[in-house]
Every structure is written in C-alpha cells, then in structure tokens.
Amino acid sequence: MKTPRKGQRLWMKLTLMVLMTVIVTLITSYILLNQQITKSVKKNEEIHLLKVARTISEYPLVHQSLEQKKTSSELQEYANQMKTNYDLDFVVVMTMDHIRLTHPDPTKINQAFQGGDEESALKGVESTSIAEGTLGPSLRAFVPVFSTDNTEIGVIALGVKTATIKLISQETMKPLTLSLIIAFSFGLGAAIFTAYTLKKQMYDLEPKEIARLLEERNAMLDYTKDAIVVTDKENTISLANFEAQRIFSLISEKEIIVGSSIQDFLPNTTAISDESIDKLYHTNGLDYLVSSAPIIVRKKIIGQIFIIRDATELHLLTDRLFNTTAYATTLQAQSHNFLNKLHVIYGLTDLEDYEQLMEYLEKILEPEQEFAQRMVYLVHNPVIAGFLIGERSKFSEKNSPFMIEVYPDIPVTDQQNAAHYWMSLIRVLNQFILEHELAEKLQIRFGFWNQHLQTTYELELDTLLQSNLLNEIEGAYFKKILLRANGQMNIEKNKNWLKITFSVAYSEELL
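Calculation notes
Residues numbered from 1 in each chain as written. Predicted model: local features only at pLDDT ≥ 70, side-chain atom pairs only at ≥ 80, totals over all residues. Heavy atoms only, no water. Helix = DSSP H or I, 4+ residues; strand = E, 2+ residues; numbered from the N terminus. Buried < 20%, exposed > 50% of the residue type's maximum accessible area, 1.4 Å probe, protein only. Areas by Shrake-Rupley, 256 points an atom, 1.4 Å probe, with all protein chains shown as cover. Pairing = 2+ DSSP bridges. Axes fitted to C-alpha atoms, helices over the stretch in contact; angles between N-to-C directions. Contact = heavy atoms within 4.5 Å. Lys, Arg positive; Asp, Glu negative; His and termini not counted. Salt bridge = Lys/Arg side-chain N within 4 Å of Asp/Glu carboxyl O. Polar contact = N/O pair within 3.5 Å; in protein donor to acceptor, adjacent residues only side chain to side chain. UniProt positions renumbered as here; feature names shortened; annotations may be inferred. pLDDT = per-residue confidence, 0-100. Parallel < 35°, antiparallel > 145°, perpendicular 65-115°, else oblique. Left-handed = near helix turned anticlockwise from the far one by under 90°. Nonpolar A, V, L, I, M, F, W, Y, C, P; charged D, E, K, R; others polar. Expected span 1.5 Å × (residues − 1). Bend = angle between axes of the 7 residues up to and from the residue. Patch = residues over 30% accessible without salt bridge, like charges linked within 9 Å, V, L, I, M, F, W, Y side chains within 5 Å. Phe/Tyr/Trp six-rings, centres within 6.5 Å; stacked < 30°, edge-to-face > 60°.

## With respect to the overall build of the protein
- When its secondary structure is counted, the protein shows 14 helices and 14 strands.
- Taken over 511 residues, the protein has a buried fraction of 38%.
- In the form shown here, the protein has an accessible surface area of approximately 29800 Å², with 56% of it arising from carbon and sulfur atoms.

## Brief notes about the sheet that holds strand 13 (residues 488-493)
- Read across the sheet, 5 strands follow the order 10-11-12-14-13 without closing on themselves; strand pairing throughout is mixed. Looking along the sheet, the strands with just one partner apiece sit at the ends: strand 10 (404-406) and strand 13. Along the sheet, successive strands turn relative to each other by an average axial angle of 15°, direction set aside.
- Sitting on the sheet, helix 12 (residues 416-435) is in contact with strand 11 (442-449), strand 12 (452-460) and strand 14 (497-505), with an inclination near 165° to strand 14.
- Together, strand 13 and strand 14 form the strand contacts of helix 13 (residues 463-473), whose direction differs from that of strand 14 by roughly 15°.

## Focus on the side chain of Arg 100
- Topologically, Arg 100 is positioned in the loop between strand 1 (90-95) and helix 4 (119-122).
- No salt bridge is formed by the buried Arg 100; its nearest oppositely charged neighbour, Asp 105, is found at 8.2 Å.
- Side-chain polar atoms of Arg 100 contact the backbone oxygen of Ala 112, separated by 3.1 Å.

## Let's talk about the pattern of salt bridges
- Within this structure, the stated rule accounts for 8 salt bridges.
- The residue Glu 126 makes a salt bridge to Arg 54 at a minimum N-O spacing of 2.9 Å. One end of the pair, Glu 126, is in the loop between helix 4 and strand 2 (127-133); the other, Arg 54, is in helix 1 (residues 4-57), with 72 residues separating them in the sequence.
- Residue Glu 126 is classed as partly exposed on the basis of its relative accessible area, which comes to 35%.
- Arg 54 sits in the partly exposed class, given a relative accessible area of 33%.

## Digging into the UniProt feature "transmembrane region" (unreviewed entry) in the protein
- When the UniProt feature table is mapped onto this chain numbering, "transmembrane region" (unreviewed entry) sits at residues 12-33 and 176-198.
- The span residues 12-33 is 100% helical and 0% strand by assignment, and the distance between its end C-alpha atoms comes to 31 Å.
- The distance from the first to the last C-alpha atom of residues 176-198 is 31 Å, and the span holds 100% helix and 0% strand.

## Comments concerning the pairing of strand 4 (residues 152-161)
- With 9 of its 10 residues buried, strand 4 lies for the most part within the structure.
- Relative to strand 4, strand 3 (residues 136-146) runs antiparallel, the two being bridged by 9 bridges. For Ser 138, the partnering residue across the bridge sits in strand 4 and is Lys 161.
- Connecting strand 3 to the antiparallel partner strand 4 that follows it, the hairpin turn spans 5 residues, and Asn 150 within it adopts a positive phi of roughly 65°.

## Some points on the confidence of the model for the protein
- For the protein, the mean per-residue pLDDT works out to 79, and 84% of the residues sit at or above 70.
- Within the protein, helix 8 (residues 311-350) has the poorest average pLDDT of any element, 64, and strand 12 the best, 92.

## Remarks on unusual backbone geometry
- In this chain, Tyr 407 is followed by Pro 408 through a cis amide linkage whose omega measures -15°.
- Position of Pro 408 relative to the elements: it lies in the loop between strand 10 and helix 12.
- The phi torsion at Asn 150 lies on the positive side, around 65°, for a residue other than glycine.
- With respect to the helices and strands, Asn 150 occurs in the loop between strand 3 and strand 4.
- Despite not being glycine, Asn 235 has its phi angle at roughly 60°, a positive value.
- Residue placement: Asn 235 occurs in the loop between strand 5 (227-232) and strand 6 (237-240).

## A short note on the packing of helix 2 (residues 60-68) against helix 3 (residues 73-85)
- Taken N-terminus to C-terminus, the directions of helix 2 and helix 3 make an angle of 135°; their axes are 10 Å apart at the nearest point. The angle between helix 2 and helix 3 places the two elements in the oblique class. Here helix 2 and helix 3 pass one another in a crossing that is left-handed. Across the interface between the two elements, Leu 61, Val 62 and Ser 65 from helix 2 touch Glu 74, Leu 75 and Tyr 78 from helix 3.
- Tallied by class, residues from the contact of helix 2 with helix 3 come to 4 nonpolar, 1 polar and 1 charged.

## Some thoughts on helix 5 (residues 162-201)
- For helix 5, which comprises 40 residues, the first-to-last C-alpha distance of 54 Å matches the rise-based estimate of 58 Å (1.5 Å per residue) to within 8%.
- Lys 174 marks where helix 5 bends most, by close to 40°; the proline Pro 175 follows one to four residues later.
- Where helix 5 terminates, the next one or two residues include Tyr 203, which has phi positive at roughly 55°.

## Digging into a nonpolar patch on the surface
- A grouping of Met 12, Leu 16, Met 20 and Val 24 is seen on the molecular surface, where their side chains present a nonpolar patch of about 370 Å² in accessible area.
- Within the secondary structure, Val 24 sits in helix 1.
- For Val 24, a relative accessible area of 48% translates into the label partly exposed.

## A closer look at the packing of aromatic side chains
- Under the criterion given, the structure shown has 8 aromatic pairs.
- Measuring from centroid to centroid gives 4.0 Å for Tyr 59 and Tyr 78, while their planes differ by 5°, and the two rings are stacked. Taken together, the residues Tyr 59 in the loop between helix 1 and helix 2 and Tyr 78 in helix 3 connect sequence positions 19 residues apart.
- Ring geometry for Trp 422 and Phe 446: centres 4.5 Å apart, planes at 20°, overall stacked. Taken together, the residues span a long stretch of sequence, with Trp 422 in helix 12 and Phe 446 in strand 11 at a distance of 24 residues. Exposure class is identical for Trp 422 and Phe 446. Each is buried.
- Members of the aromatic cluster, connected to one another through ring pairs, are Phe 387, Trp 422 and Phe 446.

## A look at the sheet that holds strand 3
- Judged by pairing direction, the sheet is antiparallel, and its 4 strands sit side by side in the order 1-4-3-2 without closing on themselves. The sheet terminates laterally at strand 1 and strand 2, the two strands that pair on one side only. Across the sheet, the mean angle from the axis of one strand to that of its neighbour is 30°, orientation sign disregarded.
- Where strand 2 meets strand 3, 7 bridges bridge the pair, whose relative direction is antiparallel. Note on strand 3: the bridge partner recorded for Ser 129 is Arg 140.
- Sheet contacts for helix 5: strand 2, strand 3 and strand 4; angle to strand 4, the most-contacted strand, approximately 50°.

Here is the structure:
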C-alpha cells in the first residue's frame with residue numbers, strides 16, 4: 001500500500017532532477033552570455049578609444065605642443081574636455097621621450113608615462129592593451145601622432161578603467177539577468193509540473209514498487225498454467241510466457257519468437273476486434289480454447305492478448321465422468337433389477353406363458369445391455385470398463401456397431417496413468433472411425449498379455465482413408481502418448497485392409 005512519505009520522496013526526486021537540469025542550463029547560459037558581453041563591451045570600447053584618439057591626434061594644438069615638447073593650460077583644458085565628452089578616465093598626450101604633457105592629475109604632468117605598453121605606438125603602430133597605470137588597471141588605446149613631414153612626434157594615450165568596463169557589462173547584463181530570473185521561474189514551474197505529470201503517469205508508485213509489480217507480473221505470466229501471448233496492432237508477438245512456448249512448440253513444432261507474427265502459430269487469427277473472441281483449435285490430436293481480447297489504453301486499441309487453454313484435459317475429464325457414470329449406472333441396474341428379472345422369469349415359467357417369456361428374454365439380452373454386462377464381468381478396472389461403455393454409447397448415437405472382444409480379462413492396477421494413456425490412443429482411433437463411418441467393417445480385440453494392454457484394430461478402408469489414418473497415428477501426438485506409456489505399435493496393411501496393433505505397459509495390482 002502506498003504511503004504519503006514515499007510519494008513525497010519521489011515527487012522531490014523528480015522535481016529536483018528537472019530543476020537541477022534547468023539550473024545548470026541557466027547558469028551555463030548566464031556565464032557564457034556574461035563572457036560574451038564582456039568581450040563585446042571590451043571590443044566596442046577599444047574601437048571607441050581608437051576613434052577618439054585619432055580625433056585628438058589631428059587637433060592643431062596637440063601638434064604644436066608635441067613639436068615644442070611643452071604643455072599648456074589650453075592643452076590641458078582640451079584634454080579634460082575630451083575626457084568629459086567621451087566618458088573617458090584619462091587622456092594623455094606624451095612625447096617621444098615618454099613624457100606626459102596632459103594628465104587628469106596635474107601633479108603627474110611632465111612625468112614619465114607608466115605601463116610599458118606604449119612601445120608599439122612610439123614605433124608608429126596603433127595598439128590597445130590592459131595595463132596597470134597611476135589610475136589602476138585600465139583599457140588603453142595608443143595612436144601615434146605624425147607631423148606634416150610624416151615624422152612621428154608623439155603618442156595619444158587614452159583609456160577607461162577596467163572597473164568602468166565591468167560596470168558597463170553589468171548594465172548590459174541587467175535585462176538578461178531579468179530574463180534569466182523569469183526563465184528560472186518558468187523552469188521551476190515546469191519542473192513541478194513535469195514531476196507531477198510523471199508521478200501521475202506512474203500511478204503514484206515508487207520506482208521500487210513499479211519494479212516489484214513488474215517482477216510479480218512476469219512471474220504470474222511465466223508460471224501460470226494458461227498460455228498467454230501479447231501482440232501489437234500488427235499482430236506481432238511482443239510477449240509470450242513459458243506455457244505459450246510449450247504449446248506453440250506442439251502446434252507448429254517450432255519455437256515461438258518474440259517479433260514473429262501470431263498467424264505463424266494460429267493461422268486463423270483474425271484482425272483486432274473491439275470484443276473478446278473465443279475459438280476452438282484442434283491440431284495434432286489436441287484441442288485448444290483460444291480467447292482473444294483487445295488491449296485498450298486511453299480508449300485506443302494498442303494490441304491483443306491471447307489466452308490459450310488446453311481443452312484436451314477438460315475433454316478427458318468429461319469423458320471420464322461420463323464413463324464412470326455409465327459404469328456406475330450399469331452396476332446399479334444389475335444390482336437392483338437382477339432379483340426383479342428372476343421373479344418375472346419365475347412367474348412367466350410358472351404360468352407356462354413361454355411365448356411371453358421368450359420376448360422378455362430377448363429384451364433383457366439386447367446387445368447394448370449384453371455389451372455392458374460383458375464389460376463389467378471381463379474388465380475389472382472400472383475406469384477402462386466405464387470408458388468402453390461410453391465409447392459404445394458414442395457409436396450407438398450414430399447407429400454404428402461397436403463390438404470388442406476381450407481376452408484375457410483385464411485386471412485392476414494401481415497405475416491409473418497407464419489406463420489413461422491407453423484411453424487416449426483408443427479415443428484417437430475411434431474418433432477417426434466415427435468421422436469416416438468405418439465401424440461396419442471394424443473388428444477390435446483387447447486383452448492383457450505380459451503386463452501389457454494389447455489392442456488390435458482391423459478394418460477395411462480405401463487407400464486415401466488408409467493414408468489419412470496412418471498420418472494420424474504416426475503423428476507427434478500419438479507417438480508421444482506411446483512413448484509416455486512405454487508402448488509399442490505394429491502396422492500391417494494391404495490395398496484395402498489395415499491392421500493396427502499396439503500395447504502399453506500395464507502392471508497388474510497384486511492383492
């Protein structure tokens with residue numbers, strides 16, 4: 001039985017699993033976006049700084065101051081104005097001797113430039129870099145300044161502190177951060193919804209409970225007495241238990257394979273129906289009751305389930321019950337009517353009504369009753385006697401004669417399986433004889449010899465029926481019964497005559 005604690009634990013596991021996936025995805029995306037934006041801001045700042053530096057390098061006052069290697073208040077004011085206009089942290093005009101002519105801190109003017117990253121610009125090449133200066137770490141841009149005769153006379157250095165770049169990046173990331181927070185909220189909702197949906201799809205079961213139910217189901221399917229086969233919409237086998245494999249090996253004499261078609265084993269299988277269908281299959285001397293029903297999931301048919309039951313055993317039990325009843329009825333009739341018959345015979349004799357006596361004797365000695373009486377006296381095993389009386393009744397229903405010569409008497413035994421094997425063999429032969437109306441020219445001899453029940457069938461039949469009967473008794477079912485009964489069979493035949501003799505082990509019970 002499920003408990004709230006187990007359900008809550010699975011709920012939390014599913015929620016955390018999906019939530020962790022969302023968190024990892026968002027964090028990874030955030031880091032990658034932050035790095036990309038920082039690079040983009042830095043690149044844009046480098047381009048911006050170079051453009052501003054080129055503008056400053058072309059100003060006449062800058063050229064004049066560098067040629068004279070002297071600073072002035074006008075130059076300092078111009079540098080401060082450019083710094084303010086373009087949101088720069090510093091604008092420095094330096095000579096070829098690394099001497100600053102401008103600086104945000106007036107005390108640093110006419111002092112050497114710090115950083116060491118200006119060498120490329122002093123050689124006439126524009127460059128950008130990040131270096132440590134008097135204002136701290138900063139992104140710098142260097143543009144050389146040339147005179148009218150194309151001689152380098154100085155360098156324009158300007159920059160933005162790295163702290164400022166970080167602030168710009170953070171401002172750029174604010175909308176993205178808000179988007180990520182919203183995405184995280186949706187992810188949290190999706191995690192809860194996904195966990196709830198999965199939980200409901202698993203019928204609020206724990207994984208261990210599902211595994212246990214699956215093992216229990218497999219055990220039930222594999223070891224149930226009935227054969228169970230599951231197919232998909234195309235009638236392809238997707239599951240078959242042990243009993244199904246055993247039965248199909250008898251039906252088709254080949255092993256069932258998951259992925260093969262059910263029609264390879266049950267040729268008369270119809271398309272999937274909305275209703276359950278029951279059919280009776282007879283093959284190799286065995287009867288099977290096949291029940292099929294659709295498998296419906298969410299109002300859609302996804303396949304079929306076949307339950308195959310061995311009806312042969314049920315038929316055998318029915319025949320045994322019928323035979324036992326016939327045997328008991330015969331014994332009861334003999335016990336209750338014997339004295340009455342003697343009284344009637346004595347009365348008719350005393351009245352000297354011999355004509356009526358003859359009619360009465362003919363009546364009580366009818367072949368049917370005479371057969372039953374002979375079976376009771378000659379066959380001491382009530383199971384076999386009842387079976388033969390029942391077989392006689394089957395023949396009588398079709399107005400066919402059934403006489404059997406019993407010699408020697410059949411004793412009782414404590415091995416009833418032997419009798420059942422013998423009855424199974426007789427039933428196959430009698431069924432064929434009744435179906436083809438061959439009883440008119442049939443002779444049956446039955447006796448107990450050398451601890452064996454020996455039976456002989458002699459009958460006349462044409463070549464085609466003879467071939468069909470031989471195929472029946474030489475089939476897998478008949479041979480398996482003989483093998484189990486430790487029996488033997490001998491066949492003699494000519495064009496229109498067939499003699500079948502078989503014996504099964506039958507030990508007499510010692511009293």
